[in-house]
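Listed here are the chains, written in short residue letters.
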Amino acid sequence: MKLKGTEILLKTLKSEGVDTIFGYPGGVVLDLYDDLIRTDIRHILVRHEQGAIHAADAYARASGKVGVCLVTSGPGATNTVTGIASAYMDSIPVVVITGQVPTPLIGNDAFQEVDIVGITRPCTKHNYLVKYTEDLAETVKEAFYIAKSGRPGPVLIDLPKDVGNKTITYNAPREAKLKSYNPTYKPNMKQLHKVVELIKTAKKPILFAGGGVILSGASAELKKLAKKTKIPVTTSLMGLGAFPGTDPLWLGMIGMHGTYRANMSTGDCDLILAVGVRFDDRVTGKINTFAPQSKIVHIDIDPTSIRKNIPVTVPVVGDCKISLKHLNRLIEEVNLRDIIKKRKKWADQIDLWKNTKPLAYDQKDIIKPQYVVEKLYDLTEGKAIVTTEVGQNQMWAAQYYHFDRPGHFITSGGLGCMGFGLPAAIGAQIACPDKLVVDIAGDGSIQMNIQEMATAVQYCLPIKIVILNNGYLGMVRQWQELFYKKQYACTNLDHSPDFVKLAEAYGAVGLRATKPDEVESVLSKGLFSTDTVIMDFRIEREESVYPMVPAGTAITEMLLV
Amino acid sequence: MNEEKHVISMLVDNKPGVLSRIVGLFSGRGFNIESLCVAETMDPHTSSITIVTMANLPIVEQIEKQLNKLVNVIKLRDLTGPKSVKREMALICVKAKTENRAEILSIVDIFRCKVVDVGPEHYIIEVTGDEGKLSALLNLLKPLGIKKIARTGVIAQLREPK
């Protein structure tokens, strides 16, 4: 069979199960687009390439499939770099296809030429410049295999125009198999036996889960382990939803804006069972004061995560789900009754922490952002997919929306990339058309990719944008308040658009609340609308996120309300 | 923790950009490269890379894991210590005034080097050996005046079982 490069690409995408692409056309991908619209692959036209990559990222998280993003060469490609870096930090499987100038022009500083493979080398799991049409099908297959296997991540394929245009005899590609790439899924059982011994003897254990649990679909196994052993659970920001946020064993999130009890437990525990985490600095605080008396078990599929930041007592390299499954089986054989009885004091201590310093805020006659998120949680019965921007809005969402299910909290965790939430909401809504998708935003972040409102309206996506509007770059302002003597250098955003009018200008619905008693009615009206809605909540301008661990201090040294 | 010299040898895919991935990993993560040697192996699809790095043990562990994680790295070995043979070659251009010429030639003889270029005022000496030999030779030649030097960096191979 004779096929053109672009046809081979599309055929291979189809065979990988791709039904949706987020993209933006341009010069060197004209041929590809010309063929694309003849297939049944759905193309979502964004308004900026950064929107495409964030949407593909969120689509992957919400659907469990690989997200696909298609852009042109040069600026099209460079506009995706931020989103690629974000997906890389959060280990999200995305395949990015970038157009490239024809091979004879590569290196000539041609129009819209950029060395995107060189630029994205440090922020992709792997990337390719396809030089021969004959290699295309296999490269695409390999890219999908690499993106979704092991510790997932973004993979970029750079496709020169002439490679796409050449017609060759098509041979179906063989299964992707690489001699140099073989992720370890099955854990070493010897190590797991050691873990069981540690669980048996620990007096003050905690479980600490991260994004890896969600990525490997290990939530049920995690829950089983926690319930069986009665070990309390905390998660990182990326792990929210891996364990039910309403469970009695739930400690709350750990880290810089973690709960008092989660952070205190970490400081005092004698065993941390860490699953699918990477001990990021926002989690550990000052590294040599982290969990000083604790033994640490670290289960992760990526060996580089283990012992990168902290010393580990028992390392276990393996897939979270498979490892926890085996661990649960081993635990079945242990008589836990006496062990759990002996931990009564630990459970009481945690209750004490919980009751003395719960998450709290003062309700006044000005809208509190925490109140908005709480109301949102009530009205959506905790069932919405929540995307966030980055900053205070993200932390309030993490603290006050009690995530019960995996895959319902979609945030740029590692990179902390402002402008993520709106395109992410678009990607999540496309992946889950029947779910309610809410972007919890700030007035600063939302303006970084506000152009995607047009995308949401064009595709009739009923996403809801909740802007916690304080007229500041709130998180930076908070740091200035606490650590820079209240000198608010360049964080005052008092020249923002009227978000209600802006929504209307895009053909969406705009609503506003300025007083606490308007919050519920605005939320009800907005959430149950079938349109794209922006809800502008004028919140207390100088509200801060607490608890807060100042950067570089121990996580038990929290600033509280 | 003490920094030590480590010799890491890798078998990698012989493809464009692979060296850049490896070097980029070192610079991006703040690891250090003392020397680097690359060449094709018997199989034209693979290359062998030898890197010498200075780092403490946890960092070496991290370097090796990170390198192993690269899709194009097929096999990696830490060849530090006596389990491997290590060699480096250098071309040393040394000032050779009449009064020093005999002394230089006797050093060349003792170290079993070769003079590969001669001029009225210089010799270029070719030397191959391990780190100890090269530094001993350089120490002797330094007072006589070294004009230029080119070193290949270390290559290494695991000793076969006896």
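Asks: Can you break down the sheet that holds strand 2 (residues 35–40) of chain B residue by residue, with the values?
Replies: Residues and elements named next belong to chain B. Pairing is antiparallel across the open sheet formed by four strands, whose spatial order is 2-3-1-4. Either end of the sheet is taken by a strand with one partner, and the two such strands are strand 2 and strand 4 (73–78). In this sheet, adjacent strand axes meet at a mean angle of 15 degrees when their direction is disregarded. Relative to strand 4, strand 1 (residues 4–13) runs antiparallel, the two sharing five bridges. Considered in strand 4, the bridge of Leu 11 is made with Lys 75. Running over the sheet, helix 2 (residues 57–69) touches strand 1, strand 3 (46–55) and strand 4 and is turned about 160 degrees from strand 4.

Asks: Describe the interface of chain A and chain B, listing the residues and the values that go with them.
Replies: On the side of chain B, 16 residues touch chain A, which itself brings 17 residues to the contact. Taking both sides of the interface into account, the surface hidden between chain A and chain B amounts to around 1,400 Å²; carbon and sulfur atoms contribute 47%. It is Arg121(A), Ser180(A) and Thr304(A) in chain A that bury the most area against chain B; as a group they hold 38% of the surface buried on that side. Joining chain A to chain B, the criterion identifies two salt bridges. If you look at where chain A meets chain B, you find nine residue pairs in polar contact (both at pLDDT 80 or more). The class makeup of the residues in the side of chain A that touches chain B is five nonpolar, four polar and eight charged.

Asks: Any chance you could break down the domain arrangement of chain A for me, citing the residues and the numbers?
Replies: Residues and elements named next belong to chain A. Taken as a whole, chain A is organised into domain 1 (2–169), domain 2 (189–356) and domain 3 (369–538). Placing a centre on the C-alpha atoms of domain 2 and another on those of domain 3 gives a separation of 31 Å. Regarding the contact of domain 2 and domain 3, the summed buried area is about 1,300 Å², with carbon and sulfur atoms giving 66% of it. For domain 2, the biggest contributors to the area lost against domain 3 are Leu 237, Leu 240 and His 257; these three give 42% of the whole. Applying the counting criterion to the domain 2 and domain 3 interface returns zero salt bridges. Partitioned by chemical class, the residues of the side of domain 2 that touches domain 3 number eight nonpolar, five polar and two charged.

Asks: Explain the domain arrangement of chain B to me, using residue names and the numbers behind them.
Replies: Residues and elements named next belong to chain B. Domain boundaries in chain B define domain 1 (4–78) and domain 2 (84–158). Using only C-alpha atoms to locate each centre, domain 1 and domain 2 end up separated by 28 Å. The interface is formed by eight residues belonging to domain 1 together with eight residues belonging to domain 2. Together domain 1 and domain 2 conceal approximately 600 Å² of surface at their shared face, both sides included; 64% is due to carbon and sulfur atoms. Our count for the contact surface shared by domain 1 and domain 2 stands at one salt bridge. Counting every contact that joins domain 1 to domain 2 gives two residue pairs in polar contact (both at pLDDT 80 or more). If you list the elements that add at least two residues to the side of domain 1 that touches domain 2, you get strand 1, strand 2 and strand 3. At three residues, strand 2 tops the list of elements feeding residues into the side of domain 1 that touches domain 2. Looking at the side of domain 1 that touches domain 2, its residues break down into four nonpolar, two polar and two charged.

Asks: I'd like to hear about unusual backbone geometry, residue by residue, with values.
Replies: Residues and elements named next belong to chain A. Here the residue pair Tyr 546 and Pro 547 is connected by a cis peptide bond, since its omega of 0 degrees sits within 30 degrees of zero. Topologically, Pro 547 is positioned in the segment after strand 20 (533–538). Even without being a glycine, Ser 91 presents a positive backbone phi close to 55 degrees. One can find Ser 91 in the loop between helix 5 (81–89) and strand 5 (94–100). Ser 91 gets classed as buried once you look at its relative accessible area, which sits at 6%. A positive phi angle, close to 60 degrees, is found at Lys 486, a residue other than glycine. Take Lys 486: it is sitting in the loop between helix 21 (474–483) and helix 22 (499–505).

Asks: An account of the pairing of strand 1 of chain B is needed here, citing residue identities and associated values.
Replies: Regular strands place their side chains on alternate faces of the sheet. All names here are of chain B. Extensive coverage of strand 1 is indicated by the burial of seven of its 10 residues. Across 10 bridges, strand 1 lies against strand 3 in antiparallel orientation. Counted as the bridge partner of Ser 9 is Thr 50 from strand 3.

Asks: Summarise the packing of aromatic side chains; cite the residues concerned and give the values.
Replies: A complete count under the given rule lists 13 aromatic pairs over all chains for this structure. Arranged with centres 5.7 Å apart and planes meeting at 75 degrees, the rings of Trp479(A) and Phe483(A) form a pair that is edge-to-face. Here Trp479(A) and its partner Phe483(A) are both found in helix 21, four residues apart, which amounts to about one turn of the helix. For Trp479(A), a relative accessible area of 22% translates into the label partly exposed. The exposure class of Phe483(A) is partly exposed, given its relative accessible area of 34%. Measuring from ring centre to ring centre gives 6.0 Å for Phe26(B) and Phe31(B), while their planes differ by 80 degrees; the resulting arrangement is edge-to-face. Taken as a pair, Phe26(B) and Phe31(B) share a single burial class, namely buried. An aromatic cluster of three or more residues is present, and its members are Tyr377(A), Tyr401(A), Phe403(A) and Phe409(A). Here Lys357(A) stacks its cationic end above the ring of Tyr260(A), 6.0 Å away from the centre of that ring. It is Arg541(A) that lies over the ring of Tyr472(A); its NZ or CZ is 4.1 Å from the centre.

Asks: Requested: an account of the pairing of strand 18 (residues 464–469) of chain A, with residues and values cited.
Replies: All names here are of chain A. Of all the six residues making up strand 18, six are buried; the element is thus mostly covered by neighbouring parts of the structure. On strand 18, burial covers both faces: Lys 464, Val 466 and Leu 468 on one face and Ile 465, Ile 467 and Asn 469 on the other are all buried. Between the parallel elements strand 17 (residues 437–442) and strand 18, the chain passes through helix 20 (residues 453–458) in a crossover that is right-handed. Across six bridges, the pairing between strand 18 and strand 20 is parallel. From the neighbouring strand, Asn 469 faces strand 20, where its bridge partner is Arg 538.

Asks: Explain the sheet that holds strand 17 of chain A residue by residue, including any values.
Replies: All names here are of chain A. Taken in spatial order, the six strands of this open sheet run 16-15-17-18-20-19, and their pairing is parallel. In this open sheet, the two edge strands, each paired with only one partner strand, are strand 16 (409–410) and strand 19 (509–513). Contacting strand 17, strand 18 and strand 20, helix 17 (residues 369–379) crosses the sheet at an angle of about 160 degrees to strand 18. Sheet contacts for helix 19 (residues 421–431): strand 15 (385–388), strand 16, strand 17 and strand 18; angle to strand 17, the most-contacted strand, approximately 175 degrees.

Reading the values: the criteria
Residues numbered from 1 in each chain as written. Chains lettered and ligands numbered in written order. Predicted model: local features only at pLDDT ≥ 70, side-chain atom pairs only at ≥ 80, totals over all residues. Heavy atoms only, no water. Pairing = 2+ DSSP bridges. Helix = DSSP H or I, 4+ residues; strand = E, 2+ residues; numbered from the N terminus. Axes fitted to C-alpha atoms, helices over the stretch in contact; angles between N-to-C directions. Contact = heavy atoms within 4.5 Å. Buried area = accessible area lost by both parts, 1.4 Å probe. Salt bridge = Lys/Arg side-chain N within 4 Å of Asp/Glu carboxyl O. Polar contact = N/O pair within 3.5 Å; in protein donor to acceptor, adjacent residues only side chain to side chain. Nonpolar A, V, L, I, M, F, W, Y, C, P; charged D, E, K, R; others polar. Domains from an automatic or database assignment. Buried < 20%, exposed > 50% of the residue type's maximum accessible area, 1.4 Å probe, protein only. Phe/Tyr/Trp six-rings, centres within 6.5 Å; stacked < 30°, edge-to-face > 60°. Lys NZ or Arg CZ within 6 Å of the ring centre and 35° of its normal. Right-handed = clockwise from strand over helix to strand, strands pointing away.

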